[in-house]
Amino acid sequence: MTSSEAFPVIGSPSSLLIHRLLDRSSAWAPSRRIVYRDLFSCTYPEFRTRVHQLAAALTRLGVRQGDRIGVLDWDSHRYLECFFAIPMIGAVLHTINTRLAPDQILYTIDHAGDRFLLCHPDFLPVINPLKERMPAVEGVVLLPDEPPTTPCAWPALGNYEELLARESAPFAFPEFDEQTPATLFYTTGTTGDPKGVFFSHRQIVVHSLAAGLALTSNPEPVPLRADDTYLPLTPMFHVHAWGVPYIATLLGLGQVYPGRFEASTCLRLIRTHQVTFSHCVPTLLQMLLHHPDAQGFDWSRFKVIIGGAALPRGLASLAMKQGMRVMAGYGMSETCPIVSLAQVKPEDAALSVDDHLDILTRAGFPIPLAEAALVDAEDRPVDPRSGIAGELVLRAPWLTPGYFRDPERSRQLWRTGWLHTGDIAVIDPAGYLRITDRLKDVIKISGEWISSLELENALSQHPAVREVAVIGLPDPKWDERPHAEVVLKEGFTPAPTAKDLHHFLRTFVDRGLIHKRAILTEVHFVPSIPKTSVGKVNKRAMRQDLGTTHPKPA
Ligand code: AMP
């Protein structure tokens, strides 16, 4: 018997298209709702109809397979509809980072070659003046919450709701190769132009399945359940809100979209809609916990994944004391993004709260199908059992295959056949990743490398510290010296002095918890710490503010 007789290829199994993440929830959770502020709400079957109508409307406008379609919107149900409809007709969803400077927004739209833009009128003042410099953009669909007052510089293609209202469902979605690009967005590196990162249908689907499986299969400390209600605190342009809207839709969760980010609005929506699940960068959690409206807030049903930067132990412990369930996750734009989650293994469920804190503030255990390894400065493998730190390199079916229109940086990213993260890490004996620093943020003292994250983690545990960031500044004697900027909690008495915090840091050195050179740290109190467009600590801006050109490798 030949092989083709033994394994006849007669059936045609369905391919991994984003389409297939949409349909299930209409039957599984027909009455669960997708809500946008106080302005809009629909059920899953209604949502599905709207995705079909949007696909029909875009097709009528002339959108073809392979076209890039840029979206500039606040976090909304419309954005979620674009997450589905644009790739499902074979076009590529370009989620534009609206917090970039206008010239960088122009760069990304131009580099992506966007044919059409879907734009909230709030962003017209940004893009209108750039019209002549965006020759590829043929037209703009407006996404207004109320009748727009600013005129649009492009030919009017109509308002989103009007375009949808003209169409009827169902739309016959085409079948195509699952490797077709589905999404594109730009990372804002600290040096050079933004880099375009893209993912195929297959990658989005497999990422959703793997991350969804990890989250739903493990109860500690952040279990995702079918009856959860989700609100993204991360902007939807940032790595498509970490891919979680796809997972939430697949599982049929309640979904609440907060529009323009305002902590008070998010808190109100969390309370009103009994939101139970979210994700964000540490600074945002910080902001929510300290917001005046959060006094007396009941966080006992709220679960949150913290990523994009290390979760400081002090912040995790504060969140837990308020009843929240919290854990770190690790990833980057290039990785779709979820690679690991700091979940507690079932065999460790009975450990103490302190041990759990230790686990959930690590960068996590690789989720199913993700592999992590370490390499040294010459890209030679580092044995994780040695306990030596190395650059973290990754493999998983959902990592970006390269940078859009940038073969040189793509080759560099994948130079060993693994994706190079630029993060320094150790993999501990239990298999958890610990990110010790970004290659460019590590502090070099007398030839020894000190982790800025380690120092931040220690200082974050002082009860008066609200936020802390540490950078290395040039020093004639030591090469570099740690410079800590600390924001104190308002009204904390007695307010510590810099000397007190220095003494506090020394107790970690004395206990052998951090490097002895940590005592060289200079502590400075500041009213606030600069942030990037996605709310992470901006160490490059800190260096610039201090007037140092101290260069760090990208
Ligand atoms: P981005 O591409 O803007 O999402 O940034 C990705 C970078 O954020 C990573 O390369 C890490 O340096 C950092 N990062 C993300 N998650 C963590 C984590 N759990 N711990 C430490 N650093 C993290």
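## Overview of the pairing of strand β12 (residues 277-280)
Reasoning step 1: Burial along β12 is two-sided: Phe-277 and His-279 facing one way and Ser-278 and Cys-280 facing the other are all buried.
Reasoning step 2: Where β12 meets strand β13 (residues 303-306), four bridges bridge the pair, whose relative direction is parallel. By the bridge assignment, Ser-278 is partnered in β13 with Val-304.
Reasoning step 3: The parallel pair β12 and β13 is bridged by helix α13 (residues 282-290), and the resulting crossover is right-handed.

## Here we look at the environment of Ala-370
Reasoning step 1: Its location among the elements puts Ala-370 in the loop between β16 (365-366) and β17 (371-375).
Reasoning step 2: Measuring from C-alpha to C-alpha, the distance between Ala-370 and His-207 comes to 9.8 Å, with 163 residues separating the pair along the chain.

## Let's talk about the site of the ligand
Reasoning step 1: Among the 13 residues in the neighbourhood of the ligand, the closest are listed as Gly-329, Ser-333, Asp-423, Arg-438 and Lys-536.
Reasoning step 2: Between the ligand and Gly-329, the relevant distance is 2.9 Å, taken from a nitrogen atom to a main-chain nitrogen or oxygen of the residue.
Reasoning step 3: Ser-333 is positioned such that a nitrogen or oxygen atom in its side chain is 2.8 Å from an oxygen atom of the ligand.
Reasoning step 4: Bound to the protein, the ligand loses 86% of the 500 Å² it would expose on its own.
Reasoning step 5: Of all the secondary-structure elements, those providing two or more residues to the shell around the ligand are β14 (325-331) and β21 (433-438).
Reasoning step 6: Here the shell around the ligand is composed, by residue class, of five nonpolar, five polar and three charged.

## With respect to the environment of Ala-495
Reasoning step 1: The topology assignment puts Ala-495 in the loop between β25 (479-488) and α18 (498-510).
Reasoning step 2: Owing to a relative accessible area of 51%, Ala-495 belongs among the exposed residues under this scheme.
Reasoning step 3: Separated by 279 residues in the primary sequence, Ala-495 and Thr-216 place their C-alpha atoms 43 Å from one another.

## Some details on the pattern of salt bridges
Where charged atoms of side chains with opposite charge meet at close range, the side chains can pair.
Reasoning step 1: Evaluation of the coordinates by the stated rule reveals 34 salt bridges.
Reasoning step 2: Here Arg-48 and Asp-23 are joined by a salt bridge, their closest N and O atoms 2.8 Å apart. Taken together, the residues Arg-48 in helix α4 (residues 44-61) and Asp-23 in the loop between α2 (19-22) and α3 (24-28) connect sequence positions 25 residues apart.
Reasoning step 3: When the shortest N-O distance is used, the salt bridge between Arg-438 and Asp-423 registers 2.7 Å.

Cut-off values and rules
Residues numbered from 1 in each chain as written. Predicted model: local features only at pLDDT ≥ 70, side-chain atom pairs only at ≥ 80, totals over all residues. Heavy atoms only, no water. Buried < 20%, exposed > 50% of the residue type's maximum accessible area, 1.4 Å probe, protein only. Helix = DSSP H or I, 4+ residues; strand = E, 2+ residues; numbered from the N terminus. Pairing = 2+ DSSP bridges. Right-handed = clockwise from strand over helix to strand, strands pointing away. Near = heavy atom within 4 Å. Polar contact = N/O pair within 3.5 Å; in protein donor to acceptor, adjacent residues only side chain to side chain. Areas by Shrake-Rupley, 256 points an atom, 1.4 Å probe, with all protein chains shown as cover. Nonpolar A, V, L, I, M, F, W, Y, C, P; charged D, E, K, R; others polar. Salt bridge = Lys/Arg side-chain N within 4 Å of Asp/Glu carboxyl O.

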